Amino acid sequence: MKQTLWGGDKIIPFKHLNENLTNVGESWEVSAVEGSESVVANGADKGLTLSEMVRKYKEELVGEENYSRFGNKFPLLIKFIDAKLDLSIQVHPGDELAKKRHNSFGKNEMWYVIAADKGAKLISGFSEQITPKEYKERVYNGTFAEVLQTCDIQPGDVFYVPAGRVHGIGAGAFVAEIQQTSDITYRIFDYNRKDKDGKSRELHTAQALDAINFADVQDDFRTSYEHLKNEPVEIVASPYFTTSVYDMTEEISCDYSELDSFVIFICTEGTCRMTDNEGNSFTLCAGETVLLPATTQEMTIVPEGSVKLLETYV
């Protein structure tokens, strides 16, 4: 759990936790980011971090292709984000710039809207093309938000946010975020807010300049997809991850025998029972996330009533 200036009160009840925390902005569900790593809760590997698990199990955990590509670095970071207030307007660097500046992966990501208060919005990309010179002028005089594409949102909306796309999560948005393993954010504008010590938060206006795709102009940056029942619907297919949504009231069996990757399931609504080909069985509820190793051949999912899941892999 990460408490933030802009965090709200949705994450704790969504995850069925008893903790008495306020302003929880983020829950990092699957993370190998140093200082914020996921830890195995029980079983033979209890206490090991996700990075230690990758080093121990290598391609058995992540898949042969992923292990040769990423080595001991787990490639994805999964979060729930609850914005009570607007988040800063920001941009993320791509792989090349992130490697050069920070020796890190870049940060391509996607949002799946779990819930949205009335009037909640997401900012994604430009509404009109501007020049780097105009960018600096608008940031300086406080009018940068005027040239950004602001979208009203509702549950089930999907946005893919490639590195270089200026974006921001608006007040009242509650999303699942799937992204490359990176904690690099260039903050461009923060609504002139002060932190808990009364100081303005650091902006990265100059660093962001080299990261921004200024040609990134569209009428609507939402990802459209068919809302089908009881079958996986692919919503994002990128070089960084592939994500499908499952909206289920009936049993589904997933065949992973040809897939050379780990699989992550994120439960956004309801409860289901999951059983793999070796007979290992567990319950997954709203607010919970599970990482399946690349050795998983098959997974049968039985919903208790109805359930919504996100499935992602590399």
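Quick summary incoming for the structure in this document. What you are looking at is a predicted structure, and each value in this text was computed from that prediction instead of being measured.

1. Focus: the nonpolar core
In terms of nonpolar packing, the biggest core is built from 37 residues, with Phe 74, Phe 80, Met 110, Tyr 112 and Ile 235 touching the most fellow members. When sequence neighbours within four positions are dropped, the list of residues in contact with Phe 74 reads Val 30, Ala 32, Leu 50, Val 54, Val 62, Phe 105, Thr 181, Phe 262, Ile 264 and Leu 291. Formed by 21 residues, the second largest nonpolar core is a distinct cluster that contains Ile 89, Val 91, Tyr 135 and Phe 214.

2. Observations regarding the packing of aromatic side chains
All chains considered together, the criterion is met by 13 aromatic pairs. When the ring of Tyr 160 is compared with that of Phe 241, the centres are 6.0 Å apart and the planes differ by 70°; the resulting orientation is edge-to-face. Remark: Phe 241 occurs in the loop between strand 12 (233-237) and strand 13 (242-248) and Tyr 160 occurs in strand 8 (residues 158-161); sequence separation between them is 81 residues. Ring pairing ties together the aromatic residues Phe 126, Tyr 135, Phe 144 and Phe 214, which thus form one cluster. Sitting over the face of the ring of Trp 28, Lys 2 holds its NZ or CZ atom 4.4 Å from the ring centroid. Sitting over the face of the ring of Phe 105, Lys 73 holds its NZ or CZ atom 5.9 Å from the ring centroid.

3. Looking at unusual backbone geometry
Glycine aside, the phi torsion of most residues is negative, and most peptide linkages are trans. Of note, the phi angle at Asn 23 is positive, near 55°, even though the residue is not glycine. Phi is positive for Lys 58, close to 50°, though the residue is something other than glycine. Mapped onto the secondary structure, Lys 58 falls in the loop between helix 2 (50-57) and helix 3 (59-62).

4. Considerations on the sheet that holds strand 5 (residues 109-116)
The strand order across the open sheet built from six strands is 1-2-3-10-5-8, with neighbouring strands paired in antiparallel fashion. The open sheet has two edge strands, strand 1 (2-8) and strand 8, and neither has a second partner. For this sheet the average axis-to-axis angle between neighbouring strands, irrespective of direction, equals 25°. With seven bridges joining them, strand 5 and strand 10 (residues 173-180) adopt antiparallel strand pairing.

5. Things to note about the pattern of salt bridges
In a structure, side chains of opposite charge can pair up when their charged atoms sit close to one another. Tallied over the entire structure, the rule returns 17 salt bridges. We note a salt bridge from Asp 82 to Lys 10, for which the minimum N-O separation is 3.8 Å. Note that Asp 82 is positioned in strand 3 (residues 76-82) and Lys 10 in the loop between strand 1 and helix 1 (11-14), a separation of 72 residues in sequence. Residue Asp 82 is classed as buried on the basis of its relative accessible area of 1%. Where Lys 10 meets Asp 117, a salt bridge forms, and the shortest distance between an N and an O atom there is 3.3 Å. On the criterion of sequence distance, the pair formed by Lys 10 in the loop between strand 1 and helix 1 and Asp 117 in the loop between strand 5 and strand 6 (121-126) is long-range, its members being 107 residues apart. Residues joined by salt bridges that share partners form a network here, namely Lys 10, Asp 82 and Asp 117.

6. Notes on the environment of Thr 283
Secondary-structure assignment places Thr 283 in strand 16 (residues 281-285). It is 4.5 Å that separates the C-alpha atoms of Thr 283 and Arg 273, two residues lying 10 residues apart in sequence. Apart from the residues lying within four places of it in its own chain, the contact partners of Thr 283 are Thr 271, Cys 272, Arg 273 and Glu 288. In this structure the side chain of Thr 283 is engaged in a polar contact, spanning 2.5 Å, whose partner is the side chain of Arg 273.

Scoring rules and cut-offs
- Residues numbered from 1 in each chain as written.
- Predicted model: local features only at pLDDT ≥ 70, side-chain atom pairs only at ≥ 80, totals over all residues.
- Heavy atoms only, no water.
- Core = buried A, V, L, I, M, F, W, Y, C linked by side-chain atoms within 4.5 Å.
- Buried < 20%, exposed > 50% of the residue type's maximum accessible area, 1.4 Å probe, protein only.
- Contact = heavy atoms within 4.5 Å.
- Phe/Tyr/Trp six-rings, centres within 6.5 Å; stacked < 30°, edge-to-face > 60°.
- Helix = DSSP H or I, 4+ residues; strand = E, 2+ residues; numbered from the N terminus.
- Lys NZ or Arg CZ within 6 Å of the ring centre and 35° of its normal.
- Pairing = 2+ DSSP bridges.
- Axes fitted to C-alpha atoms, helices over the stretch in contact; angles between N-to-C directions.
- Salt bridge = Lys/Arg side-chain N within 4 Å of Asp/Glu carboxyl O.
- Polar contact = N/O pair within 3.5 Å; in protein donor to acceptor, adjacent residues only side chain to side chain.

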